[in-house]
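One-letter residues, chain by chain:
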Amino acid sequence: MSKVTVIIVTSLLFISGCSQSNHSGGAVESQQKTIEFMHLWPSGSSTTHYRVVEEIIEAFESENPGIVINAEPIDNEQYKDRMTVLSSANNLPDVGFTWAAGYLEPFVEGGRIAPLDQLLAEDLKDAFVPGTVEAFQMEGATYGLPLELNIAPIYFNKSLFIEAGVQVPSTYEEFLGVIQVLLEHNITPITVGNRDAWTGSLWYMYLADRYGGASALTQAINRTGSFTEQSFVEAAREIQNLVDQNAFVTGFNGLSNDEAKAEFLNGNAAMYLMGSWDLPEFTTNEANSQEFRDSIDYFKFPTVAGGAGDIESWVGGPGVGLYVAENSDVKDEALAFVKFFIEKWGEKAVTEVGVIPATKVDTEVLDIHEMYIKILKDLNQASHITLFADVQMSPAVAQIHLNLIQALFGQEVTPEQFALEHEEAFE
Amino acid sequence: MNEVLASRKAIIFYIIPALLLVVLFMYIPLILTGYYGLMEWNGMGEMIFTGLDHYRRLIGDPLFWDSAKHSLMLGLFSTLALVAYLIVSLILSQKMKGANLLRKIYLIPMLLSSVAIAQLWLRIYHPTNGIFNTFLIYLGVENPPTWLADPNLVLYALFVPIIWQYAGFYILIYYTALKNISVDVLEAASMDGANVWQTAWKIKVPMIMDIIKVTVILAVVGSLKYFDLIFVMTGGGPNGASEVLASYMYRTAFRSFDFGYGSALAFALLLVCLITTVVVRKITTLKGV
Amino acid sequence: MKVLCVIISVVRKSLLYIGLGTIAVFQIFPLMWLVLFSLKSNQEIFDLSPLSLPPEPRWDNYLRVWNEGNISQYFFNSVIYTGISVVLTILFASMVTFAITRMKWKLSGLVLGIFTVGMMIPLHSTLIPLFNMFLRAGMINHPITIILLYTTFNLPITILILFGFYQTLPRELEEAAIMDGASIHKLFLSIILPMTSPVIVTAAIINMIYNWNEFIFMNTFISSEEYRTLTVGIQNFIGQYTTDWGAIGATLVISMLPILILFFILSDRIMEGLTAGSIKG
């Protein structure tokens, strides 16, 4: 009897001890305002991002005594789950990250997120690169303010190109030729981790863009166009053509993006189509040898002869943005924090973290790696930036799209079926 | 004596804690889930009553049937694996040196979290420098299979780590049960001239039959609700080739924001488990054990 | 003739050991691999074969994890949640199984059925209704919530494991005890519980493993750093675009050690219990 009782009693005491500390904490805090802030950059994996976030938080708190920020960093997959659960219980944190367009839609429709237009009208007027805020707008109001802007070039390994004796292709036909020569030299032409199907989606999107023109895809998604148009079928067919030619790394449908990237980083693959968020890997990340980093450059996705797309048209767009919860009880403070964060982030993003913010960047004053200068210049003269398909689409349709990409690459559907099933997905 | 053992007060006292917890935190949410399955709901907005629409959709949904098929296949393989576990446990339960150590070693995979196991097997199955394919290439095979990318192989490829993960668990259960068979019975058997095989199959196994039945149910039901490794290793892909019921439900609710249909799937999962258990029970009783 | 018999038996024995030994290698290989990759950098992990030794062991993975990962807090929390839940589960499960198998009442089959069916309830499908419940009760982000949930969700399987075992216990002891005037409670505590100690330890190990590595509930219901556990701690190292596998490896090794040690200690206890039991029996 005694042993069991002791255990139970001790446990209960312990549990009550826990609640006690909760209460005493609460009493002190009622004097100050607390902003609950959830973000995507845990210290373990995104060390520099995390550090800059902490600096910004500290700066804000010291300029605003009486406000405390409670930051909670969570990794990508869990973040999405957390958003889903919290929003269904209408318990979102005061400030958080969100993706644009399709992802954002359910939250706006559910009334979980507050409009941020007053910030745009006043303090942050003209701060953003044109086109970035639009992705976060719905029914005339702005529900998120972007923090990142990315475009996706084809990174390539100069040493491998030299070894095979090939030049950077400017047309798609030349590109196919490059692939052939690389194969003859036993070099994997392209690495892609299509288990994370958004990577394969980048390839498809560029082909769709080059064949059908910049607005084709966006129109198809927002239903003013159709997926069954010829250019989309051609793009799909071209993907399978590339697969037939062994252009892609072995087992791509079972490789994660990280695994695929490893093939590029260890010099096994010559080309890697990926977003500019990976720039640090090829510029500042000491974990990769200086020799390797010096051997990487990028080129724009080549144009197709007779296609409607031009070389300055990119796939990319705003990454995550900040939102404010509609039912936040510290809304004014939250809005102030958002404005502060965007400004400070804009100042530090390129130099300290190595990513491009969505706010305008003055390259003259910054001392940065030349690849950044090149990307920023390309960004400035971009004719069009098409937002990632799986972000534009609503989550349910995006899921179907990603499945179809895997099926397309895996030769399980015909290009015609691929196009047709996309149409059907929208019903 | 019967009075003592039938005391109402005592009975209630002994069953209340467990019963209360399970009803409150498992059954009631389950009923709510079934209820949500009758609604069109994205988790945030209003719930719109749609009656049995979702359930009707389910019946016509090829993805549902594919996932169900995959889950059942996993259940079948897990049950077959039980035979192997039983044999190993029978061997271990003899008086042999090192049985103790071996048993502990076998349990190690279960101590690892699914993240660790997923990562390990992802590396093993890597198309070019994973252990299997490196070995195959060494043997001269030109294009070794891409285990996780090939829709025909991926499901089987996933079975291996799952079965490996649970080996120690079932071996532990069987071993404990076997060790608990009274020594007298065994001595009597050997004195009657029974050899090792006969003792094992005619005496030990029947004596732990109840436990075996329990493990069959555990294996089948566990497989039906299995989620972890599949979700982390392939995400149900490529294109649904390795999707199981639990991952399909999860993705529908949490990623596509379709809680109505997701809940219907969750409820259907429960029904599948129930039906399977009844069937399994019937089969094991028919066998005459 | 005798020599032949001896040879055959030696060969058989060696085959047996080889077979069992191979299985053991197969099972222990991940541990080795885990330790190896916890000492490598991201690049090395992907490039080199899984079994290769790290070029230089990166002990800084461990340091980083300890400093930046807030590991000590997570560790403590893991211990508390696991410990308390396991005790409660075993206690409540024993009580119910005792009532079902030993006591005489009509609805025992029904109650057993309730728990058997309970085992089929997949966690994820109860997540949202549960979250709503606890939210209304103001108990989100509270340790008690986790303990209640862990205790509850382990009950069906524990009861099932105990049930099979309880069936095999002889009734004579109870009869004797009751005739000696023992109350139900005394019967339960002084006789049944000790007699079932082997299976209790087995169930405890199984519960511990589940609770220690549990993830979904922890992720959904707990948001503050101070209440998190090791399993969620691993997630700190999985980033938006990249993942620090070396650090994950280090965290996994750290989180695995206590369970491993505890397991080795406890399973010796099983042996003690068993041998004591068989002498008596």
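Residues numbered from 1 in each chain as written. Chains lettered and ligands numbered in written order. Predicted model: local features only at pLDDT ≥ 70, side-chain atom pairs only at ≥ 80, totals over all residues. Heavy atoms only, no water.

1. Points about the interface of chain B and chain C
Thinking step 1. Facing the 84 residues of chain B at the interface are 89 residues of chain C.
Thinking step 2. Summed over the shared surface of chain B and chain C, the result is zero salt bridges.
Thinking step 3. Counting every contact that joins chain B to chain C gives seven residue pairs in polar contact (both at pLDDT 80 or more).
Thinking step 4. No other element matches the 20 residues that helix α2 (residues 8-36) of chain B contributes to the side of chain B that touches chain C.
Thinking step 5. Counted by class, the side of chain B that touches chain C contains 65 nonpolar, ten polar and nine charged residues. (Contact = heavy atoms within 4.5 Å. Salt bridge = Lys/Arg side-chain N within 4 Å of Asp/Glu carboxyl O. Polar contact = N/O pair within 3.5 Å; in protein donor to acceptor, adjacent residues only side chain to side chain. Helix = DSSP H or I, 4+ residues; strand = E, 2+ residues; numbered from the N terminus. Nonpolar A, V, L, I, M, F, W, Y, C, P; charged D, E, K, R; others polar.)

2. Concerning the side chain of T97(C)
All names here are of chain C.
Thinking step 1. Within the element layout of this structure, T97 appears in helix α4 (residues 71-102).
Thinking step 2. Within polar-contact distance, the side chain of T97 engages the backbone oxygen of A93 at 2.6 Å.
Thinking step 3. When neighbours within four sequence positions are excluded, T97 is seen to be in contact with R102, I159, L162, F163 and Y166.

3. Some thoughts on the environment of L147(A)
Residue and element names in this part refer to chain A.
Thinking step 1. Inspection of the secondary structure assignment puts L147 in the loop between β6 (145-146) and β7 (149-151).
Thinking step 2. Sequence separation between L147 and V355 is 208 residues; the distance between their C-alpha atoms is 9.7 Å.
Thinking step 3. Aside from chain neighbours lying at most four places away, what touches L147 is W41, F97, V320, G321, L322, F341, W345, I356, P357 and A358.

4. Focus: the pattern of salt bridges
Residues and elements named next belong to chain A.
Thinking step 1. Scanning the entire structure with this criterion turns up 20 salt bridges over all chains.
Thinking step 2. Note that K348 and E55 form a salt bridge whose closest N and O atoms lie 2.8 Å from each other. Residue K348 is located in helix α14 (residues 331-353), and its partner E55 is located in helix α2 (residues 47-63); the two are separated by 293 residues in the primary sequence.
Thinking step 3. Classification of K348 by relative accessible area gives buried; the value is 18%.
Thinking step 4. Close ionic contact of K261 with D278 constitutes a salt bridge, the shortest N to O distance being 3.1 Å. (Buried < 20%, exposed > 50% of the residue type's maximum accessible area, 1.4 Å probe, protein only.)

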